[in-house]
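Fold and geometry: a report
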Amino acid sequence: MRLVFDRQDHLDRAATPLSRAGIYRILVCRTVHTLGDSLTLTPLLQELADVFPGAEVDIVNGSPVAHEIYGGFPNIGEIIQLPARIVRHPLPAWRALRRMRARHYDLAIDPDPESQSGRLLVLLANKTWSLGFLGRKKSGKLTHGVSVPALPRHKGTLPVYLLRCAIDGGRTRCEYPLLTIQPTAIELRQGREIVTRLTATDAGNRSQVRRIGIFANATGDKNLGEDWWRRFLDEFSPRAPDCDLIEILPAFGRSLLGSRYPAYFSGNVRRMSGVIANLSLHVSADCGVMHLASASGTPTIGIFTVTDASEWGPYGDSNHVIDAHELTPEQVAARVLDILESIPVTARALAGASR
């Protein structure tokens, strides 16, 4: 193991840029298993499609919904799923590793600046070129290494920065791709129909009703709690009479808002994305569904009280972060209302939009 992980950071930096020619089979190793972590890989997949338009990309990932997240990308080949706890499931892990090593890749990428598991997979893969970040948390010799930058810091943009630095030293000036789940036209239409049915009794004759999605769940300290959301909505709802609120239910399928509003549940990530894509705005704490809303193309507000928004916040012109460390729920509601006024009403997010 020492030979595999021998620290050689000073040797890893490639003398020549990574070539755009001759790379047709690419492996990306990102072993995370949560929804949000897995979605932050989607900007890199878009960048790979632009840089290597004729290449096919295989992914090693630990998410149980990896096929739903990445299946809509036209450049994706095989999705190799690792079990969340490899020690407890050695046989599935061995099978996944065997599938990975059965192929030869022109390029293998470890896109995470911290995790050593992705680096190990890249080192074990059969590849010509290997790419990853350098640093004290990473070990193992690569053909192309890039130092972890001070900026950007976001988990979605860092992998794109990695690739751009390897190719042209980071001179690419275009904006970073946004998170996306690549919803299809059918998924969007089906989502629009569901939203229309959910709000049909409330819409009445109002011609421009905004649909606001609320997701009131999160893990650990990021969970704001039911009382927080009650106070938020008591302030928000009376001041937004032209809005229909829809609660997006968590995986356990129970309302956290006292069943005050129409609610939608699905265990399928793509169906949930299709519904969220037809909303005017999505509001939640930092969680996987926040990233899913951003990846669905809906203006998203992330309420942050614990994690670093520069790393995990929804980015892009239509998305917003509220630092709520020292704000009351009522103050957060006022800020959401201000943001809502700045968001243009789109036909897709209006009650009564054509089917």
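For every chain, the first residue of the written sequence is number 1, and numbering continues from 1 along that sequence. Only residues with pLDDT of 70 or above have their local features reported here, since the model is predicted, and side-chain atom pairs are shown and tallied only from 80 upward, although totals for entire chains, interfaces and linings are computed over all residues. Based on all heavy atoms of the structure, the side-chain values leave hydrogens and waters out of the count.

Details of the nonpolar core
Definition of nonpolar core: a set of buried residues of the types Ala, Val, Leu, Ile, Met, Phe, Trp, Tyr and Cys, connected through side-chain atoms within 4.5 Å. Exposed residues in this analysis have more than 50% of their type's maximum accessible area, buried residues have under 20%, and partly exposed residues fall in between, with area computed by a 1.4 Å probe over protein chains only. Ranked by size, the top nonpolar core spans 88 residues in total, and within it Ile26, Phe52, Trp229, Phe232 and Val283 carry the most contacts. Strands are runs of DSSP state E lasting at least 2 residues, helices are runs of H or I lasting at least 4, and numbering of each runs from the N terminus. Ranked by residues supplied to this core, first place goes to helix 8 (residues 158–168) with seven residues. Two residues form a contact once any of their heavy atoms are found within 4.5 Å. The residues contacting Trp229, other than those within four sequence positions of it, are Ile214, Phe215, Ala216, Leu224, Leu257, Val283, Ser284, Ala285 and Ile303. Grouped together as the second largest cluster of nonpolar side chains are 14 residues, Leu27, Leu82, Leu121 and Ala125 included.

Quick look at the sheet that holds strand 12 (residues 320–323)
Should DSSP find at least two bridges between two strands, the strands are regarded as paired. Reading across from one edge, 9-8-7-10-11-12 is the order of the six strands in this open sheet, with parallel pairing throughout. In this open sheet, the two edge strands, each paired with only one partner strand, are strand 9 (263–264) and strand 12. Of the pairings in the sheet, the one linking strand 7 (residues 210–215) to strand 8 (residues 243–248) comprises five bridges and is parallel in character. Across the sheet, the residue bridging to Arg211 is Asp244, located in strand 8. Orientation is described by lines fitted to C-alpha atoms, with helices fitted over the stretch in contact, and by angles between N-to-C directions that extend from 0 to 180 degrees. Sheet strands touched by helix 14 (residues 329–342): strand 7, strand 8, strand 10 (281–285), strand 11 (300–304) and strand 12. Its angle to strand 12, the strand with the most contacts, is close to 160°.

Notes on the sheet that holds strand 3 (residues 76–81)
Reading across from one edge, 3-2-1-4-5-6 is the order of the six strands in this open sheet, with parallel pairing throughout. One side of each edge strand has no neighbouring strand; the edge strands of this open sheet are strand 3 and strand 6 (144–147). When strand polarity is set aside, the average angle formed by the axes of neighbouring strands in this sheet is 15°. Inspection of the sheet shows strand 4 (residues 104–110) paired to strand 5 (residues 126–134) by six bridges, in the parallel sense. For Ile109, the partnering residue across the bridge sits in strand 5 and is Leu131.

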